[in-house]
Amino acid sequence: MKILLAEDTKDLNRVISVALSHDGYEVDQAYDGEEALDFIRKNGYDTIILDIMMPKKNGLEVLRELRSANIVTPVLMLTAKAEIDDRVEGLDAGADDYLTKPFAMKELFARVRAMTRRKTEYADKQLQFADFTLNNEKFELKSENSVRLSVKEFELMQTLIINSGHEVDTNYLLQHVWSGTPEAGPDTVWLYISYLKGKLNAITSKATIRGERNGSFRLEAL
Amino acid sequence: MEQESIYGEYRETLNNAMEYIMNAINATREDIKETKGLDPIEHCLARIKSEESMREKCRRKGLPETTESALEKIHDAIGIRVVCTFVSDVYAIKDLLVHLPDCEIVKEKDYIRHAKPNGYRSYHLILKYKQKIYAEIQLRTISMDTWAALEHQLKYKQNIGGNLKLIEEELKRCADELASTDISMQTIRDMIYEERSETA
């Protein structure tokens, strides 16, 4: 795990990086906002820790620049107690979490762990329903046979499996699976439900999706 | 002196059997075109195995190079490949063939519902015409045919190296992606026709 630490107070920077390195993280140290951006442009990180008050460019400016460059690395902001507006502004600008100075090293560690595990640990590699599996590494739908799904088919199937305990309606699916696609409508949902029904049949699964066009849907094991 | 044909006096019978099956396929094709307005077949190939390949196959299988071997032990003297447009067309043509008069089904394998581990998909039929002449028929979609043709070419290149396991996995992935696309195209077609018949 690689972490970038941007903190202009030399002593604090040293203490944190020694502690993180000791815990097995690989740490790059930056002492101002511009140096932090140089590091970010050159390397990939699993987490970035940004102090807000820094010379040359402050933490919020660094954060905005990296988010506008489509860098989605989790960011932890370090703020002083009085800076409530900064914290709000930081979270709104795309920070994932913040920590108020002074803090206990134990808490910093816990927050770094929480941010780095989000990507890997929360998502199961494979979801199962009845006699088929959905593999999210390969986008593979598998029973006796297997097929590969497109991104939206995969997301729709994932949503249906996660919600297999109850029905989900067309609107819910539009908001959760097609949130970034305003042109998608009930016809889109129905077409993709139909794709998945056909593909469940093609992999020789006995499961199917119950529900009518424009209505609510639910996976059903036969 | 010219070597006698391995098919002996049955060359003509083979031709007739092949023509009989092809005529039946073509009649159904025209029928479906007429009623649904869609051609269920992209293309259709039929051949009688060449003298040379048949003799080679006999040798490979340790059979004497006789007419009996060629017609009774080996079942693909007649080979027909029907490449269909959509998955449902494969089953439509298959349904015709299994009910064909004067033909009995000797073997039927659905490698579409039960794909081979390498990803191969096709519907295989062996028919026996008038209790004498065998014909092997493969039915598949354009996508399945594409995969089989390309995979066949690559299989013979394996000795040039590369990570064999990775190549096999990737070819399987391609088969699964094509199969997925086949279902999507079928779904789109069904939707178009459903809506057309609703508005009609």
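Just so you know, these numbers come straight off a predicted model, no measurement behind them.

## Some words on the overall build of chain B
Piece 1. Counting secondary structure elements, chain B contains six helices and five strands.
Piece 2. Each helix and strand of chain B, ordered N terminal to C terminal, gives the series α-β-α-α-β-α-β-β-β-α-α.
Piece 3. Taken along its principal axes, the extent of the C-alpha atoms in chain B is 70 × 50 × 25 Å.
Piece 4. When each of the 200 residues of chain B is scored for burial, the buried share is 30%.
Piece 5. Taking contacts inside chain B between residues at least 6 apart in sequence as the whole, the part at least 24 apart equals 69%.

## Points about the environment of Gln-29 of chain A
All names here are of chain A.
Piece 1. Mapped onto the fold, Gln-29 is located in strand β2 (residues 26-30).
Piece 2. Residue classification places Gln-29 among the partly exposed positions, given that 17 C-beta atoms sit within 10 Å.
Piece 3. In sequence terms Gln-29 and Ser-17 are 12 residues apart; their C-alpha atoms lie 7.4 Å from each other.
Piece 4. The contact partners of Gln-29, leaving out residues within four places of it in the chain, are Leu-5, Asn-13 and Ser-17.

## A word on the nonpolar core
Piece 1. Grouped together as the largest cluster of nonpolar side chains are 62 residues, with contacts concentrated most on Ile-78, Val-82 and Ala-135 of chain B.
Piece 2. Residue contributions to this core peak at seven residues, all from helix α8 (residues 186-202) of chain A.
Piece 3. With sequence-adjacent residues up to four places away left out, Ala-135 of chain B is seen in contact with Ala-17, Met-18, Ile-21, Ile-78, Ile-80, Leu-127 and Tyr-129 of chain B.
Piece 4. Leu-5, Ala-6, Leu-50 and Met-54 of chain A belong to the second-largest nonpolar core, a separate cluster that totals 27 residues.

## Thoughts on the interface of chain B and chain A
Piece 1. Taken together, the contact between chain B and chain A spans 13 residues of the former and 14 residues of the latter.
Piece 2. Grouping the constituent residues of the side of chain B that touches chain A by class yields four nonpolar, five polar and four charged.

## Quick notes on unusual backbone geometry
Residues and elements named next belong to chain A.
Piece 1. With an omega of -5 degrees, the peptide bond between Lys-101 and Pro-102 qualifies as cis.
Piece 2. Of note, the phi angle at Ala-130 is positive, near 45 degrees, even though the residue is not glycine.
Piece 3. A positive phi angle, close to 65 degrees, is found at Thr-204, a residue other than glycine.

## Overview of the packing of helix α2 (residues 33-42) of chain A against helix α3 (residues 59-68) of chain A
Residue and element names in this part refer to chain A.
Piece 1. Running from N to C, α2 and α3 cross one another at 25 degrees; their axes reach a closest spacing of 9 Å. In terms of orientation, α2 lies roughly parallel with respect to α3. Relative to α3, α2 is oriented so that their crossing is right-handed. Taking contact as the criterion, the partners of Gly-33, Ala-36, Leu-37 and Ile-40 in α2 are, on α3, Gly-59, Glu-61, Val-62, Glu-65 and Leu-66.
Piece 2. Taken together, the residues of the contact of α2 with α3 break down into five nonpolar, two polar and two charged.

## Things to note about the pairing of strand β1 (residues 2-6) of chain A
Residue and element names in this part refer to chain A.
Piece 1. Burial runs high along β1: four of the five residues are buried.
Piece 2. Summarising the sheet, β1 and β2 pair through five bridges and their orientation is parallel. Bridging from a neighbouring strand, Lys-2 pairs with Glu-26 of β2.
Piece 3. Note: β1 against strand β3 (residues 47-51), four bridges, orientation parallel. For Ile-3, the partnering residue across the bridge sits in β3 and is Thr-47.

## Description of the sheet that holds strand β1 (residues 41-48) of chain B
Residues and elements named next belong to chain B.
Piece 1. Pairing within the open sheet is mixed, and its five strands lie in the order β1-β2-β5-β4-β3. In this open sheet, the two strands that pair with only one neighbour each are β1 and β3 (103-110). Looking at each pair of strands side by side, their axes are set apart by 15 degrees on average, direction ignored.
Piece 2. As judged from the seven bridges shared by strand β2 (residues 78-84) and strand β5 (residues 133-141), these two strands associate in the parallel manner. Bridge pairing in β5 links Ile-80 to Ile-137.

## Here we look at the environment of Ile-80 of chain B
All names here are of chain B.
Piece 1. With respect to the helices and strands, the residue Ile-80 is situated in strand β2.
Piece 2. Assessed through the 21 C-beta atoms surrounding it within 10 Å, Ile-80 is described here as buried.
Piece 3. In this structure, the C-alpha to C-alpha distance between Ile-80 and Cys-44, residues 36 residues apart in sequence, is 7.3 Å.
Piece 4. In this view, Ile-80 contacts Ile-21, Ala-46, Ala-135 and Ile-137; residues no more than four positions away in its chain are not counted.

## Description of the domain arrangement of chain A
Piece 1. Splitting chain A by domain gives domain 1 (2-120) and domain 2 (126-220).
Piece 2. Just the C-alpha atoms count here: the centres of domain 1 of chain A and domain 2 of chain A sit 38 Å apart.

## Section: the sheet that holds β2 of chain A
Strand pairing in a sheet relies on backbone hydrogen bonds, with the paired strands running either antiparallel or parallel.
Residue and element names in this part refer to chain A.
Piece 1. With respect to topology, five strands assemble into an open sheet ordered β2-β1-β3-β4-β5, the strand pairing being parallel. Across the chains shown, the open sheet's two edge strands, defined by having one partner strand only, are β2 and β5 (97-101). Between one strand and the next, the sheet's axes are offset by a mean angle of 20 degrees, whatever the strand orientation.
Piece 2. In the packing of helix α1 (residues 10-22) onto the sheet, contacts are made with β1 and β2, and the angle to β2 comes to roughly 170 degrees.
Piece 3. Strands in contact with α3 are β1, β3 and β4 (75-80); relative to β3, the strand with the most contacts, it is inclined by about 145 degrees.

Conventions we followed
Residues numbered from 1 in each chain as written. Chains lettered and ligands numbered in written order. Predicted model: local features only at pLDDT ≥ 70, side-chain atom pairs only at ≥ 80, totals over all residues. Helix = DSSP H or I, 4+ residues; strand = E, 2+ residues; numbered from the N terminus. Buried ≥ 20, exposed ≤ 12 C-beta atoms within 10 Å, placed from the backbone. Contact = placed C-beta atoms within 7 Å. Core = buried A, V, L, I, M, F, W, Y, C linked by C-beta atoms within 7 Å. Nonpolar A, V, L, I, M, F, W, Y, C, P; charged D, E, K, R; others polar. Axes fitted to C-alpha atoms, helices over the stretch in contact; angles between N-to-C directions. Parallel < 35°, antiparallel > 145°, perpendicular 65-115°, else oblique. Left-handed = near helix turned anticlockwise from the far one by under 90°. Pairing = 2+ DSSP bridges. Domains from an automatic or database assignment.

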